[in-house]
Amino acid sequence: MRIGELARQSGTTTRALRYYESLGLLRARRGANGQREYDEADLRLVTEIRSLTGIGFALEDTRPFVECLRDGHPSGDACPASVAVYRRKLAELDECIERLEAARSRVRTQLAEAEKRSRPCAR
């Protein structure tokens, strides 16, 4: 399939596909006419990339998953390097959640104090 068809089937743009190619995440073959050609395996790679970036992974974080699929595994997370990325990402999310919970607690305290100060005075 050509780049436009891959973009349509994967729900992305030709520009994004060219960017993935520039990063080495996607490898286009060239037809006799010089146009990029892709197959179902490429569609699977792009689907994996989009799935992971859709939940907050950076494009570089998708590389082990892409390589795992290229190596013939049925799932991009079937390889140790992919599992390591999951673990790192989960640790990052846990840290973020801790910071957000602390910020929420501070805002809650500030709100309670502000509400005490802003109560109408009885006349």
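Everything quoted here is computed from the prediction, not taken from an experiment.

Re the UniProt feature "domain: HTH merR-type" (unreviewed entry) in the protein chain
And step 1. Listed under "domain: HTH merR-type" (unreviewed entry) in the UniProt record, and renumbered for this structure, are residues 1-68.
And step 2. Here residues 1-68 is 56% helix and 6% strand, with 23 Å between the C-alpha atoms at its ends.

Topic: the side chain of aspartate 42
And step 1. Looking at where aspartate 42 falls in the secondary structure, it is placed in helix 3 (residues 40-54).
And step 2. We classify aspartate 42 as buried; its relative accessible area is 5%.

With respect to the packing of aromatic side chains
And step 1. A full pass over the atoms with the stated rule returns three aromatic pairs.
And step 2. The interplanar angle of 85° and the centroid separation of 6.1 Å between the aromatic rings of phenylalanine 57 and phenylalanine 65 together place this pair among those described as edge-to-face. With respect to class, phenylalanine 57 is no different from phenylalanine 65; both count as buried.
And step 3. Note on phenylalanine 57: relative accessible area 6%, which makes it buried.
And step 4. Cluster of aromatic residues (ring-pair linked, three or more members): Phe57, Phe65 and Tyr86.

Remarks on the state of the cysteines
And step 1. Scanning the entire structure with this criterion turns up one disulfide.
And step 2. Residue pairing for cysteine 68: its cysteine sulfur links by disulfide to cysteine 79, the two sulfurs lying 2.1 Å apart. Measuring the twist about the S-S bond at about 85°, one finds the cysteine 68-cysteine 79 disulfide to be right-handed. Here the residue cysteine 68 occupies a position in helix 4 (residues 63-70), and cysteine 79 occupies one in the loop between helix 4 and helix 5 (80-117), the gap between them amounting to 11 residues.
And step 3. On the basis of relative accessible area, cysteine 68 is assigned to the buried category, the value being 1%.

Considering helix 3
And step 1. Under the 1.5 Å per step criterion, the end-to-end length of helix 3 is 21 Å for 15 residues, consistent within 8% with the ideal 21 Å.
And step 2. The complete set of buried residues in helix 3 reads Asp42, Leu43, Leu45, Val46, Glu48, Ile49 and Leu52.
And step 3. Along its buried surface, helix 3 packs onto helix 1 (3-10), helix 2 (14-22), strand 1 (29-30), strand 2 (36-37), helix 4 and helix 5.
And step 4. Backbone nitrogen of alanine 41 and a side-chain oxygen of the N-cap are separated by 3.0 Å at the start of helix 3; the cap is aspartate 39.
And step 5. Count one or two residues on from helix 3 and you reach glycine 56, which has phi positive near 100°.

Observations regarding the packing of helix 1 against helix 3
And step 1. Relative orientation of the contacting elements helix 1 and helix 3 amounts to 45°, with a least axis distance of 10 Å. For the element pair helix 1 / helix 3, the angle class is oblique. Between helix 1 and helix 3 lies a crossing of right-handed hand. For the pair helix 1 and helix 3, contact is made by Leu6, Gln9 and Ser10 and by Glu40, Asp42, Leu43, Val46 and Arg50, respectively.
And step 2. A breakdown of the residues in the contact of helix 1 with helix 3 according to their chemical character gives three nonpolar, two polar and three charged.

Basis of the calculations
The numbering scheme is per chain: residues are counted from 1 as the chain's sequence reads. Note on the predicted model: pLDDT of at least 70 is required for a residue's local features to be given, and 80 or more for side-chain atom pairs to be given and counted; whole-chain, interface and lining totals, by contrast, use all residues. Note that the side-chain values use all heavy atoms of the structure and ignore hydrogens as well as water. UniProt positions are given in the numbering used here, feature names are shortened, and annotations may be inferred rather than shown by experiment. Helix and strand definitions here come from DSSP, where helices need a minimum of 4 consecutive H or I residues and strands a minimum of 2 consecutive E residues; each element is numbered from the N-terminal end. Throughout, exposure labels follow a simple rule: accessible area from a 1.4 Å probe, protein chains only, divided by the maximum for the residue type, with under 20% read as buried, over 50% as exposed, and the rest as partly exposed. Stacked, edge-to-face and tilted labels apply to pairs of Phe, Tyr and Trp rings (six-membered ring for Trp) whose centres lie within 6.5 Å, assigned for plane angles under 30 degrees, over 60, and everything in between, in that order. Note that a disulfide, as used here, is simply two cysteine sulfur atoms within 2.5 Å. Any helix carries an expected span of 1.5 Å times its number of residues minus one. When checking whether two residues touch, look at their non-hydrogen atoms; a contact exists if any pair is within 4.5 Å. Side-chain atoms alone can form a polar contact between residues adjacent in sequence; in general such a contact is a pair of N or O atoms within 3.5 Å, and within protein one must be able to donate a hydrogen while the other accepts it. Here an axis means a line fitted to C-alpha atoms, over the contact stretch when the element is a helix, while the angle between two N-to-C directions is reported on a 0 to 180 degree scale. Roughly parallel refers to an angle under 35 degrees, roughly antiparallel to one over 145, roughly perpendicular to one between 65 and 115, and oblique to any angle outside these ranges. Handedness of a crossing follows from how the near helix is turned relative to the far one, being left-handed for an anticlockwise turn of less than a right angle and right-handed for a clockwise one. Amino acids are sorted into nonpolar (Ala, Val, Leu, Ile, Met, Phe, Trp, Tyr, Cys and Pro), charged (Asp, Glu, Lys and Arg) and polar (every other residue, Gly among them).

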